[in-house]
Amino acid sequence: MDTLKVRDAKDVEDVVRAAIAGEQPLEIVGHGSKRAIGHPMATNAVIDVSALNAVTSYEPHELIITVQAGAPLADVQSLIDARNQQFAFEPMDTSVLLGTPAIGTIGGMIGAGLAGPRRIKAGGVRDHLLGAHAVSGFGDGFKSGGKVVKNVTGYDLCKLLTGSWGTLAVMTEVTLKVMPKPEAERTLVLRALDDVTANKAMTAALCSPFDVSGAAHLPGSALRETAGSLASLAASGQSVTLVRIEGIAASAANRAASLSTTLSSYGTVEILEDGASLMVWTALGEVRPFAADGALGTWPVWRIVCPPATGGALGQALARETGGEIFYDWGGGLIWAALPPRPDAQAALLRSRVEAAGGHAMLLRATEEVRRNVNVFQPQPAGLAALGERVRNSFDPKTILNRGRMTRSKAA
């Protein structure tokens, strides 16, 4: 496979134009940490953007950072952490789940669009992307957005790049909003709740005035083989329901105490503070219960988004009917499901249950053979699929970029 390592945006334009002329599709790669997500692609040429790794500007007082798309995410996070700032949406580190090195890039973070537990409060990746420079499937460079939260620079095209998995354009530089890190955090822990009751407890917390920034539930079975920061929670063998509060130390402590009273009808409330709380939510964001090096490391893993009120019942039904393990984030609105290996990853059963609940599902981890034979991304209704195809054609009419990653038909 030919690998074309670009040095700047002009190189990207040249490579894409040459690919168009030769009708040769391109796979876009930073450091390759997410190559095992999506359908296997129909290509034998790679455009490597890892050399586009500079921080163009960082203005801590303005809460913005402009960085090239190939910059390692860990390095950028270390830079903003030194100024006590963060990406508030908690970008997901897929390395634990996929068993790959933790070498994800900023471009990969945006292309995947996977946010962590704080999404219920802070929004997703797209809500923090202010602007982008990219090269379309026409081989033309374009700019969208700017360096302020409220800009009027035209169509907000950069939002389309979030979650597009590189099928619309090759990003070269992006501007993101950063936020101050909270001074303190508290996590309230309830034990031994069933999934539906936990769903009600998380809903009560999210509907309270105490500004909850995380709400998750882990059945006892999902914690059986867990190591690290979640191991102490699993010691009792019971399920755990977790609710996070962040902010100024005095405020976080006061709100945690008040919310404990609100949730006392569901059971005794324990409280984790600061470092202990942080480690737990980091592990949840990494989907550590289903880690590649753990007991369920060979099982396919589905990422299911549904209305939070239906999460508990849906998760229970899926676990019962598939024999799989599940846990919940986003107050029940995000379900992680690891299912026993099958040639079709039990896609038909799972999607029928998820669609009936008003949700959608993505097969985030599976073998290459399974990903060739199963729709990794949720099939869309005809009208929405046609709209999506028109959008894609306006960026990349010859399907040069990441051909087949999001649709099986293009891969074939």
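For the structure, check the block above.
The structure contained in this document is the topic of the report that follows. For clarity, every value in this text was computed on a predicted model and none was experimentally measured. Per chain, residue numbering runs from 1 following the sequence as it is written. This being a predicted model, a pLDDT of at least 70 is required before a residue's local features are given, and a value of 80 or more before pairs of side-chain atoms are given or counted; all residues contribute to the totals for chains, interfaces and linings. Processing note: side-chain calculations cover all non-hydrogen atoms of the structure and skip hydrogens and water entirely.

What about the overall build of the protein chain?
Logical step 1: Under the scheme used here, helices are H or I runs from DSSP no shorter than 4 residues and strands are E runs no shorter than 2 residues, and both carry numbers assigned from the N terminus. Broken down by element type, the protein chain carries 14 helices and 18 strands.
Logical step 2: In terms of overall size, the protein chain behaves like a compact globule, its C-alpha atoms giving a radius of gyration of 21 Å where 412 residues would be expected to give roughly 22 Å.
Logical step 3: Viewed in the frame of its principal axes, the protein chain has a C-alpha envelope of about 65 × 50 × 40 Å.
Logical step 4: We call a residue buried when its accessible area falls under 20% of the maximum for its residue type, exposed when it is over 50%, and partly exposed in between, using a 1.4 Å probe and counting protein chains only. By the burial criterion, 55% of the 412 residues in the protein chain qualify as buried. We take the radius of gyration over the C-alpha atoms and set the globule estimate at 2.2 Å times the residue count to the 0.38 power.

Here we look at the sheet that holds strand β3 (residues 45-48)
Logical step 1: Note on pairing: two strands pair once DSSP finds at least 2 bridges between them. Read from one edge of the open sheet, 3 strands run β1-β3-β2, paired in parallel fashion. Among the strands making up the open sheet, the edge pair consists of β1 (2-5) and β2 (27-29). Ignoring strand direction, the axes of neighbouring strands in this sheet form an average angle of 25°.
Logical step 2: Relative to β3, β1 is paired through 4 bridges, and the arrangement is parallel. Pairing of D2 across the sheet is with A45, part of β3. Inter-axis angles, ranging from 0 to 180 degrees, are taken between N-to-C directions of lines fitted to C-alpha atoms, where helices are fitted over the stretch in contact.

Here we look at the packing of aromatic side chains
Logical step 1: Stacked, tilted and edge-to-face pairs are distinguished by plane angle, under 30 degrees for stacked and over 60 for edge-to-face with tilted covering the rest, among Phe, Tyr and Trp rings (Trp via its six-membered ring) whose centres lie within 6.5 Å. What the rule picks out here adds up to 4 aromatic pairs.
Logical step 2: Note on F87 and F89: the rings are 5.7 Å apart at their centroids and 25° apart in plane angle, and the pair reads as stacked. In terms of burial, F87 and F89 fall into one category: buried.
Logical step 3: The cationic tip of R119 hangs over the ring face of W330; the distance from NZ or CZ to the ring centre is 5.4 Å.
Logical step 4: The ring of W281 carries R244 above its face, with NZ or CZ at 4.8 Å from the centroid. Two conditions define a charge located above a ring, namely a distance within 6 Å from the ring centre to NZ of Lys or CZ of Arg, and an angle within 35 degrees of the ring normal.

So, the packing of helix α10 (residues 308-322) against helix α11 (residues 347-356)
Logical step 1: Running from amino to carboxyl end, α10 crosses α11 at an angle of 160°, the nearest separation of the two axes being 11 Å. Taken together, the axes of α10 and α11 are roughly antiparallel relative to one another. In this structure, α10 crosses over α11, and the sense of that crossing is right-handed. Only L349, L350, R353 and V354 of α11 make contact with α10, whose side of the interface consists of L314, L318, E321 and T322.
Logical step 2: Lys, Arg, Asp and Glu make up the charged group, whereas Ala, Val, Leu, Ile, Met, Phe, Trp, Tyr, Cys and Pro make up the nonpolar group; the residues left over, Gly among them, are polar. Considered class by class, the residues forming the contact of α10 with α11 number 5 nonpolar, 1 polar and 2 charged. What sets the label is the angle itself: under 35 degrees gives roughly parallel, over 145 gives roughly antiparallel, 65 to 115 gives roughly perpendicular, and the rest give oblique. Crossing chirality is assigned from the near helix's rotation relative to the far helix, an anticlockwise turn below a right angle marking it left-handed and a clockwise turn marking it right-handed. Pairs of residues are marked as contacts when any of their non-hydrogen atoms sit within 4.5 Å.

Observations regarding the sheet that holds strand β9 (residues 169-177)
Logical step 1: A sheet is described by the order of its strands in space; here 5 strands give the open sequence β4-β5-β9-β7-β8, paired in antiparallel fashion. Among the strands making up the open sheet, the edge pair consists of β4 (55-59) and β8 (141-145). Neighbour to neighbour, the strand axes of the sheet diverge by 15° on average, direction disregarded.
Logical step 2: Sheet analysis places β4 next to strand β5 (residues 64-68), joined by 4 bridges and oriented antiparallel. Paired with S57 across the two strands is T66, which belongs to β5.
Logical step 3: Set on the sheet, helix α1 (residues 9-21) makes contact with β7 (129-136), β8 and β9; between it and β7 the angle comes to about 45°.

A closer look at the pattern of salt bridges
Logical step 1: Any carboxyl oxygen of Asp or Glu that lies within 4 Å of a side-chain nitrogen of Lys or Arg is treated as forming a salt bridge with it. Evaluated as defined, the whole model comprises 19 salt bridges.
Logical step 2: As a salt-bridge pair, R35 and E27 come within 2.8 Å of each other at their nearest N and O atoms.
Logical step 3: Classification of E27 by relative accessible area gives buried; the value is 7%.
Logical step 4: One salt bridge in this structure joins E90 and R118, with 3.6 Å as the shortest N-O distance. In this pair, E90 is assigned in the loop between β6 (85-86) and α3 (95-98) and R118 in the loop between α4 (106-112) and α5 (119-122), connecting sequence segments 28 residues apart.
Logical step 5: The exposure class assigned to R118 is buried, which follows from its relative accessible area of 6%.

Notes on the side chain of H217
Logical step 1: With respect to the helices, strands and loops of the structure, H217 is situated in strand β12 (residues 212-218).
Logical step 2: We classify H217 as buried; its relative accessible area is 0%.
Logical step 3: In protein, a polar contact means a hydrogen-donor-capable atom and an acceptor-capable atom, both N or O and within 3.5 Å, with residues adjacent in sequence counting only if both atoms are side-chain atoms; elsewhere, any N or O pair within 3.5 Å suffices. In this structure the side chain of H217 is engaged in a polar contact, spanning 2.9 Å, whose partner is the side chain of T241.
Logical step 4: In this structure, H217 is in contact with L193, D194, D195, A198, M202, S239, V240, T241, F327 and Y328, ignoring residues within four places of it in sequence.

Some details on empty space enclosed by the protein
Logical step 1: Lining residues are defined by having an atom within 4 Å of a point belonging to a cavity or pocket. Those points lie on a 1 Å grid over the protein atoms alone, cavities being sets where a 1.4 Å probe fits but cannot get out and pockets being open sets with protein on both sides within 12 Å along at least five of seven lines. Grid points are joined across faces, edges and corners, and a volume is the space filled by probe spheres set on the points. Across all of its chains, the model carries 2 cavities of 30 Å³ or more by this definition.
Logical step 2: Here the largest cavity is characterised by a volume of approximately 360 Å³.
Logical step 3: Around the largest cavity, the lining is made up of 26 residues, and of these I28, G30, G107, G108 and R405 lie nearest the centre.
Logical step 4: Listed by contribution, the elements that provide at least two residues to the lining of the largest cavity are β2, α4 and β9.
Logical step 5: In terms of residue count, α4 provides more of the lining of the largest cavity than any other element does, 4 residues in total.
Logical step 6: Taken together, the residues of the lining of the largest cavity break down into 11 nonpolar, 12 polar and 3 charged.
Logical step 7: Computed from the structure, the second largest cavity encloses a volume of approximately 50 Å³.
Logical step 8: Residue lining of the second largest cavity: M92, A115, G116, P117, L284, G285, D329, L334 and W336, and that is the complete set.
Logical step 9: Among the secondary structure elements, those contributing two or more residues to the lining of the second largest cavity are α9 (274-285) and β17 (334-338).
Logical step 10: Residues belonging to the lining of the second largest cavity are distributed by class as follows: 6 nonpolar, 2 polar and 1 charged.

Any functional reading would require information beyond the geometric quantities listed.
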